[in-house]
There are 2 protein chains.
Amino acid sequence: MDHLKLIGQLKTSAQTKIVLLIMDGLGGLPLTPDGQTELEAAKTPNLDALARISDLGLSTPIFPGITPGSGPGHLGLFGYDPLNYQIGRGVLEALGIGFDLTRLDVAARGNFCSMDPETGVITDRRAGRIPTETCVKLVNMLRGITLPGVEVFVEPVEDYRFVLVLRGEHLEDGLTETDPQKTGVPPLPVEATRPEAEKTAALFNEWLSQARAILADQRPANGANLRGLAKVPNLPLFPEVYGLRSGAIATYPMYRGVARLVGMDVLETGHDIASEVETLRQHWDGYDFFFFHVKKTDSAGEDGNFEAKVHVIEELDSFLPQIMDLKPDVVVVTGDHSTPAKWKNHSWHALPVLLYSQYVRPTPQAAYGERPCAAGSLGQIRHIDLMPLAMANAGRLVKFGA
Amino acid sequence: MDHLKLIGQLKTSAQTKIVLLIMDGLGGLPLTPDGQTELEAAKTPNLDALARISDLGLSTPIFPGITPGSGPGHLGLFGYDPLNYQIGRGVLEALGIGFDLTRLDVAARGNFCSMDPETGVITDRRAGRIPTETCVKLVNMLRGITLPGVEVFVEPVEDYRFVLVLRGEHLEDGLTETDPQKTGVPPLPVEATRPEAEKTAALFNEWLSQARAILADQRPANGANLRGLAKVPNLPLFPEVYGLRSGAIATYPMYRGVARLVGMDVLETGHDIASEVETLRQHWDGYDFFFFHVKKTDSAGEDGNFEAKVHVIEELDSFLPQIMDLKPDVVVVTGDHSTPAKWKNHSWHALPVLLYSQYVRPTPQAAYGERPCAAGSLGQIRHIDLMPLAMANAGRLVKFGA
């Protein structure tokens, strides 16, 4: 049985509050075999003190060896099995720029590309990585394209990347990508993988045809490909599954977007941890559950900047007392995936987990770090186990069976 | 989703090499509660040094409490869920004697048995455990049997056991066994469990009829039963699933056979670890992945010979520097299943795992043994997790989802 379905059946109400504190890309690696990870190296007196009255464990986002993107990483944290629930690349790209997708939309990630004007074959799939300013200029040109019976939105992202959204009744996904994933061949047409999507495929092909005419003189960006054409997935709603009034606090559009996809209220906040804590305080009484997202651990990891990642963790640590002063009943501190500075990318490594509540089996002299968590009383779990554990510790699940 | 299917989708190429170093039946038990396991008692300075720069964990072959045979044990190591992919007993028995099975074959394990000539009931299912020389003599007599339209192969195994293989177009499996698993009743006929197998069932029954006529005067081996009638399973090919040029180095026929079943190249080698290491060195440049199998840990465990098992482990340890000198990117050291000398048989106990790569979270002062592995940063995993972890550590998997 799907975790979510069971939890939905067992949920009960309680006057308790849960904080899911996510440091994006938290899990790390030592730079040398005898060294410490970013989290272990960080001076985190407040997290360490909390660790000594909490359960510790390691959590695997999907299964061992699998590196999640941000979508699957967060779905897992929210209790949705990422292998059963998937978010299309076009949808994530739109969420990442804060585009407010509706159920009528089909979103695609667009890539400007270079094409040989004689033969029509792709010569560079990223159009020489044109600067973002050029991307913005080209997108403005493409905004002139109209299609019968649907609204068309084109938005720049970064470098050679843009987002295309068609909005209208009866649009369907089940559409193939146009990027052949190699050069020397022409782009593919959008094709329907099921009959209901044929009309939508024709609309995307018509858009591409007009776009290529407009871009003809714009070398190196004289072509465009579409990837990950998808509708918003029909996810069970988080507040309904768990019976939690749920607020999301995140500084980056993609994480606000994923939270909105699962039905959380996205709370207005600023651009740093201090603002996020202030937002938490302001909304404390209005919600039972807070998704609190810290982005810069991941950015530092992707930059390969061990020290910068340590610093973000230390900054979060300095705000922890303000969060604990609000008297949450359950606090889970972890990440959506690892981003070790040594690997410079998302990785597959299990995440340290700290679960604070009154109902735990703490380890004396523990600290919050990967190695102490590996020896902790929660043992090795999966991301989809975290919400059931948080709910149980919050007294919000009745027993299963008589 | 099936692990293999997901891995097949996420695999990417890299210039990295993986060694899967299997000591058959490696996992052990202390002889007394305060004692050490075979691996812990062995003096393994090289494995211990490697352990201090590696991830350690415990791996369960199938699920807790389940003791695997050699087939399921190795399928799990190779990433095939042994509950979804099964190798028939007849096929394994044929592989065990080095019989070169084709896709046209149905293989059965044969057991000589004793029958009452008056009533036709079985009086001893193992024919008084006749010596292997008698088995060879009887098999030679049975080689005279011919059947219409198929080739017939009979090969001796050991004691009362033999292998029967029918080879021909349109042979099908889905066949019942003739051994009633008790004495005092007659053998059962081979029956088809699906209509396509009826012709094949009739051929096996015809063979049995002729065999019993030939054996009539050969008491105590005046009858024969067939078990585990099966075709070669249609397994996804390991080199294709993982995108790895894959070589197998093993001294025993069954392990070479299982490796061949999943599509690995089986490399010629000698009869000891020294020869296997030499084979590894000779083929180092030609492959991305090596399955390196050491048999005698299992044999010593089955003999209940604790000291002999310790000695095999120490011998492998002495060759480890030669393997590491080849500069593998990822090395996994474990076993297919446990064979504790105290238990004298395959067992269900989890296996110690050492995973060496540059991207690990080592434990200082670790050693390679069951108890240190239980506290390691890999935690408790399953055999089917080992290949995804090896692939990830080798930089051969892209991330899942955007």
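Parameters and conventions
Residues numbered from 1 in each chain as written. Chains lettered and ligands numbered in written order. Predicted model: local features only at pLDDT ≥ 70, side-chain atom pairs only at ≥ 80, totals over all residues. Contact = placed C-beta atoms within 7 Å. Helix = DSSP H or I, 4+ residues; strand = E, 2+ residues; numbered from the N terminus. Nonpolar A, V, L, I, M, F, W, Y, C, P; charged D, E, K, R; others polar. Axes fitted to C-alpha atoms, helices over the stretch in contact; angles between N-to-C directions. Parallel < 35°, antiparallel > 145°, perpendicular 65-115°, else oblique. Left-handed = near helix turned anticlockwise from the far one by under 90°. Pairing = 2+ DSSP bridges. Domains from an automatic or database assignment. Core = buried A, V, L, I, M, F, W, Y, C linked by C-beta atoms within 7 Å. Buried ≥ 20, exposed ≤ 12 C-beta atoms within 10 Å, placed from the backbone. Least-squares fit on C-alpha atoms with pLDDT ≥ 70 in both.

**Some remarks on the interface of chain A and chain B**
- Facing the 32 residues of chain A at the interface are 23 residues of chain B.
- For the side of chain A that touches chain B, the secondary structure elements donating two or more residues are α4 (70–77), α5 (89–96), α13 (370–374) and β13 (379–382) of chain A.
- Ranked by residue count, the leading element in the side of chain A that touches chain B is α13(A), at three residues.
- Classifying every residue of the side of chain A that touches chain B gives 17 nonpolar, 10 polar and five charged.

**Looking at the packing of helix α10 (residues 273–283) of chain B against helix α12 (residues 306–324) of chain B**
All names here are of chain B.
- It is at 10 Å that the axes of α10 and α12 come closest, and there the two elements cross at 15°. The orientation of α10 with respect to α12, classified from their angle, is roughly parallel. The hand of the α10/α12 crossing is right-handed. On the side of α10, the interface is formed by Ile 273, Val 277 and Leu 280, while α12 contributes Glu 315, Leu 316, Phe 319, Gln 322 and Ile 323.
- Of the residues assigned to the contact of α10 with α12, the class counts are six nonpolar, one polar and one charged.

**Thoughts on the sheet that holds β13(A)**
All names here are of chain A.
- The eight strands are arranged β9-β8-β10-β1-β11-β12-β2-β13 in an open sheet whose pairing can be described as mixed. Of all strands in the sheet, those bounded by a partner on one side alone are β9 (265–266) and β13.
- Relative to strand β10 (residues 289–294), strand β1 (residues 18–23) runs parallel, the two being bridged by six bridges. Within β10, the position partnered with Val 19 by the bridge is Phe 290.
- Sitting on the sheet, helix α9 (residues 253–261) touches β8 (246–250), β9 and β10, and the angle it makes with β8 is about 170°.

**Considering the domain arrangement of chain A**
All names here are of chain A.
- When its domains are assigned, chain A resolves into domain 1 (3–85 + 235–393) and domain 2 (91–231).
- In this structure, domain 1 and domain 2 have C-alpha centres spaced 35 Å apart.
- Residue contributions to the side of domain 1 that touches domain 2 peak at four residues, all from α9.
- When the residues that make up the side of domain 1 that touches domain 2 are grouped by side-chain class, the tally is three nonpolar, two polar and no charged.

**Some points on the environment of Glu240(A)**
- When you line up the elements, Glu240(A) lands in helix α8 (residues 238–242).
- For the pair Glu240(A) and Leu378(A), spaced 138 residues apart in sequence, the C-alpha separation works out to 27 Å.

**Quick notes on the nonpolar core**
- Membership of the largest hydrophobic core comes to 129 residues, with the highest contact counts inside it found for Leu20(B), Val332(B), Leu354(B) and Ala390(B).
- Leaving out residues up to four positions away in the same chain, Leu20(B) has contacts with Leu77(B), Phe290(B), Phe291(B), Phe292(B), Val332(B) and Ala390(B).
- Residues Ile130(A), Leu226(A), Leu355(A) and Leu389(A) belong to the second largest nonpolar core, which totals 120 residues.

**Quick notes on the relation of the copies chain A and chain B**
- The operation relating chain A to chain B is a screw motion whose rotation component is 124°, with 0.2 Å of axial translation and a residual RMSD of 0.2 Å. The symmetry that links the two subunits is that of a three-fold axis. Measuring from the rotation axis to each C-alpha of chain A, the shortest distance belongs to Ala375(A), at 3.5 Å.
- Looking at chain A, a mere 9% of its interface residues are interface residues in chain B too, so the copies touch through different faces.

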